[in-house]
Amino acid sequence: MIADSGEFVINFMPAENADLVAKVAGCSGSDVDKFDAFEIQTTPASTVEAPVLSAPYAFYECKTIDRQSYGDHDLFAGRVTAVQWEESAFFKDGTIDLEHASPALYIGEDQYTRASQTFHHPRN
Ligand SMILES: Cc1cc2nc3c(=O)[nH]c(=O)nc-3n(C[C@H](O)[C@H](O)[C@H](O)COP(=O)(O)O)c2cc1C
């Protein structure tokens with residue numbers, strides 16, 4: 001789908017939607033129409049035809065600029081053409097406010113977790 005259209009949307013999903021993340025991870029779009037099979041609700045993006053899922057706390061709209069194949073996976077690089085985010089989910093400095101957003105964090109196998117603590121480590 002990405003290869004054909006030359007565009008995609010990266011959806012940052014909350015832990016509440018981890019079940020959907022797991023479902024779409026468990027099959028390929030070449031075998032099944034995931035939007036149809038999992039009754040995925042979408043909203044239109046502003047700069048690409050690819051839809052936005054319901055409901056990310058942030059998303060990037062992207063146009064493909066490169067594609068590399070590695071074995072049975074393809075790696076796509078995209079130029080970000082639009083970004084939207086839920087205001088309440090972020091602090092002014094761009095970091096996530098974990099009181100208001102809870103990213104779905106995949107930790108392997110069929111396990112997901114939520115971030116519960118933040119640490120500050122200066123880069124220099
Ligand atoms: C949470 C999550 C975990 C995944 N883990 C793996 C993995 O361990 N190994 C792998 O090859 N692909 C992994 N994938 C990728 C998907 O299983 C798979 O590549 C994708 O569903 C293929 O869909 P497509 O053919 O429609 O692009 C993961 C995806 C998600 C969202």
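Think of each chain on its own: its residues are numbered from 1, step by step along the sequence as written. Since the coordinates come from a predicted model, pLDDT governs what is reported: local features require at least 70, and pairs of side-chain atoms require 80 or more to be given and counted, while whole-chain, interface and lining totals use all residues.

A. Looking closely at the overall build of the chain. What counts as a helix is a DSSP run of H or I of at least four residues, what counts as a strand is a run of E of at least two, and both are numbered from the N terminus. Secondary structure summary: the chain contains three helices and seven strands in total. When the elements of the chain are put in sequence order from the N terminus, they spell out α-β-α-α-β-β-β-β-β-β. In terms of overall dimensions, the chain has C-alpha extents of about 40 × 30 × 30 Å along its principal axes. Burial status across the chain gives 11% buried among its 124 residues. We call two residues in contact when their backbone-placed C-beta atoms lie within 7 Å. Of all intrachain contacts in the chain linking residues separated by at least 6 positions in sequence, the fraction that spans at least 24 positions is 51%. Residues are called buried when their C-beta atom has 20 or more other C-beta atoms within 10 Å, exposed when it has 12 or fewer, and partly exposed otherwise; all C-beta atoms are positioned from the backbone.

B. Spatial organisation of the site of the ligand. Taken together, Val21, Val24, Ala25, Ser28, Gly29, Ser30 and Tyr106 form the complete shell of residues around the ligand. The greatest single-element share of the shell around the ligand, amounting to three residues, is contributed by helix α2 (residues 18-25). Within the shell around the ligand, the residues separate by chemical class into four nonpolar, three polar and no charged. Each residue receives a C-beta atom built from its backbone; the residue is near a molecule or strand if that atom lies within 6 Å of it. All amino acids are sorted into three groups, where Ala, Val, Leu, Ile, Met, Phe, Trp, Tyr, Cys and Pro are nonpolar, Asp, Glu, Lys and Arg are charged, and the leftover types, Gly among them, are polar.

C. Summary view of the environment of Ala45. Mapped onto the elements, Ala45 comes out in the loop between β2 (42-43) and β3 (52-53). Separated by 38 residues in the primary sequence, Ala45 and Val83 place their C-alpha atoms 9.8 Å from one another.

D. Representation of the pairing of strand β4 (residues 58-70) within the structure. Think of it this way: DSSP has to see at least two bridges between two strands before they count as a pair. Note: strand β1 (residues 7-12) against β4, six bridges, orientation antiparallel. Across the sheet, the residue bridging to Glu7 is Lys63, located in β4. Of the pairings in the sheet, the one linking β4 to strand β5 (residues 73-85) comprises 12 bridges and is antiparallel in character. For Asp66, the partnering residue across the bridge sits in β5 and is Ala77. Linking β4 back to β5 in an antiparallel pair, the connection comprises two residues, with Gly71 at a positive phi of about 55°.

E. Inspection of the environment of Tyr106 at higher detail. For Tyr106, the position within the fold is in strand β6 (residues 105-108). Sequence-wise, Tyr106 and Pro56 are 50 residues apart; in three dimensions their C-alpha atoms are separated by 16 Å.

F. View of the nonpolar core. When buried Ala, Val, Leu, Ile, Met, Phe, Trp, Tyr and Cys residues are joined through C-beta atoms within 7 Å, the set is termed a nonpolar core. Residues Val9, Ala45, Val48, Val52, Phe59 and Cys62 constitute the largest nonpolar core, which totals six residues. Discounting residues that sit within four places of it in the chain, Val48 has contacts with Glu7, Val9, Glu61, Lys63 and Thr81.

G. Examining the environment of Ala25 more closely. Relative to the helices and strands, Ala25 resides in helix α2. Along the chain, Ala25 and Phe12 lie 13 residues apart, while their C-alpha atoms are 14 Å from each other.

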